[in-house]
Amino acid sequence: MDVIRRGVAEIIPEEELAQKIERSIKSKTPLNVKLGCDPSRPDLHLGHSVVLRKLRQFQDLGHQAILIVGDFTGMIGDPSGRSKTRPPLTLEETRANGQSYFEQATKILSTKKAKMLYNSEWLSKMSFEEVIQLASKYTVARMLERDDFAGRYKAGDPISIHELLYPLAQAMDSVAIKADIELGGTDQKFNLLVGRDIQREYGQDPQVILTMPILRGTDGVEKMSKSLDNYIAITDPPN
């Protein structure tokens, strides 16, 4: 727990994490530790390295790292921290961007206890009936508690229905892989909490959330982000 707590912004809830680790040790069964990557651009950057280093620590403690490339959710575009709708990408574009992710991530992660999955594997197979069933498990009021949605709603800025589906789609990733723990930046807290709720709805033990501080970008103001083009890629040359 000392290793896991180091450098972490928040663990929700910490007592559940301790219980999961105790069960894991007793049963000699590794925990599934999830990290989602948004393939809006083909680079992983130094901001990603913050969570990747924490994921590596879980690997060193004997757990399974699962990197989810959001090739399907990338077509929606993560609305986290967005003041306007993000232009959607095609599946071909998100797939192309995601191809080099595993190679980049394993500069930090061990290849032995790491696997990469594309969320189109399960999300593209959902029927419209299943999407409606999923949407019925969450309320618009809860969605509008998100700072970005709340701000846009108050300002009268448009919020598209497909953006409301993004946290639910990301939550289905946790259901699909039976995630025990999900890592993310502090800006992902809402999405990760939705994952806990949806896992409960599908009869699973909810994942523990572990958020890491946000690394500021090269502009010195905004978070390091591919969308804002203020990032240093993991594969960039030192100069």
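Here the structure is shown first, and the text comes after it.
Just so it is clear, the model here is predicted, and its values are computed rather than measured.

Looking along the chain, the bond that leaves Ile-12 and enters Pro-13 is cis, with omega of -20°. One can find Pro-13 in the loop between strand E1 (10-12) and helix H2 (14-27). The phi dihedral of Lys-28 is positive, around 55°, even though this residue is not glycine. If you trace the backbone, Lys-28 turns up in the loop between H2 and strand E2 (32-37). Residue Lys-28 is classed as exposed on the basis of its relative accessible area of 75%. Notably, Lys-178 is not glycine yet its phi reads approximately 55°, a positive angle. Within the fold, Lys-178 resides in the loop between helix H10 (161-177) and strand E5 (181-185). A relative accessible area of 53% means that Lys-178 is categorised as exposed.

Remember that side chains alternate between the two faces of the sheet whenever the strand is regular. Counted residue by residue, E5 has five buried out of five residues, so it is predominantly covered. For the handedness criterion, the β-α-β arrangement of E5, helix H11 (residues 189-201) and strand E6 (residues 208-212) is classed as right-handed.

With that settled, consider the nonpolar core. Core analysis: the largest hydrophobic core is formed by 29 residues, its most contacted members being Leu-52, Ile-181, Leu-183 and Leu-210. Here the element with the most residues in this core is helix H3 (residues 46-60); it accounts for four residues. Excluding residues within four positions of it along the chain, Ile-181 makes contact with Leu-17, Leu-31, Asn-32, Val-33, Lys-34, Phe-58, Gln-207 and Val-208. One finds Met-126, Leu-168, Ala-169 and Phe-190 within the second-largest nonpolar core, a separate group that totals 23 residues.

It is worth spelling out the packing of aromatic side chains at this point. Aromatic rings considered in pairs are described by the distance between their centres and by the relative angle of their planes. Per the counting criterion, the structure on display carries zero aromatic pairs. It is Lys-137 that lies over the ring of Tyr-202; its NZ or CZ is 5.2 Å from the centre. A cation sits over an aromatic face here: Arg-146 above Phe-149, 4.7 Å from the ring centre.

Next up on the list: the sheet that holds strand E4 (residues 114-118). Sheet strands associate in pairs through backbone hydrogen bonding, adopting either a parallel or an antiparallel arrangement. The sheet built from six strands is open, its strands ordered E1-E6-E5-E2-E3-E4 with mixed pairing. What marks the edges here is a single partner per strand, and that holds for E1 and E4. When the angles between neighbouring strand axes are averaged without regard to direction, this sheet yields 25°. Examined bridge by bridge, E2 and strand E3 (residues 64-69) share six bridges and lie parallel to one another. Looking at E3, one finds that Val-33 is bridged to Ala-65. Taken strand by strand, H10 contacts E2, E3, E4 and E5, and its axis lies near 150° from that of E2.

Cut-offs and rules
- Residues numbered from 1 in each chain as written.
- Predicted model: local features only at pLDDT ≥ 70, side-chain atom pairs only at ≥ 80, totals over all residues.
- Heavy atoms only, no water.
- Helix = DSSP H or I, 4+ residues; strand = E, 2+ residues; numbered from the N terminus.
- Buried < 20%, exposed > 50% of the residue type's maximum accessible area, 1.4 Å probe, protein only.
- Right-handed = clockwise from strand over helix to strand, strands pointing away.
- Core = buried A, V, L, I, M, F, W, Y, C linked by side-chain atoms within 4.5 Å.
- Contact = heavy atoms within 4.5 Å.
- Phe/Tyr/Trp six-rings, centres within 6.5 Å; stacked < 30°, edge-to-face > 60°.
- Lys NZ or Arg CZ within 6 Å of the ring centre and 35° of its normal.
- Pairing = 2+ DSSP bridges.
- Axes fitted to C-alpha atoms, helices over the stretch in contact; angles between N-to-C directions.

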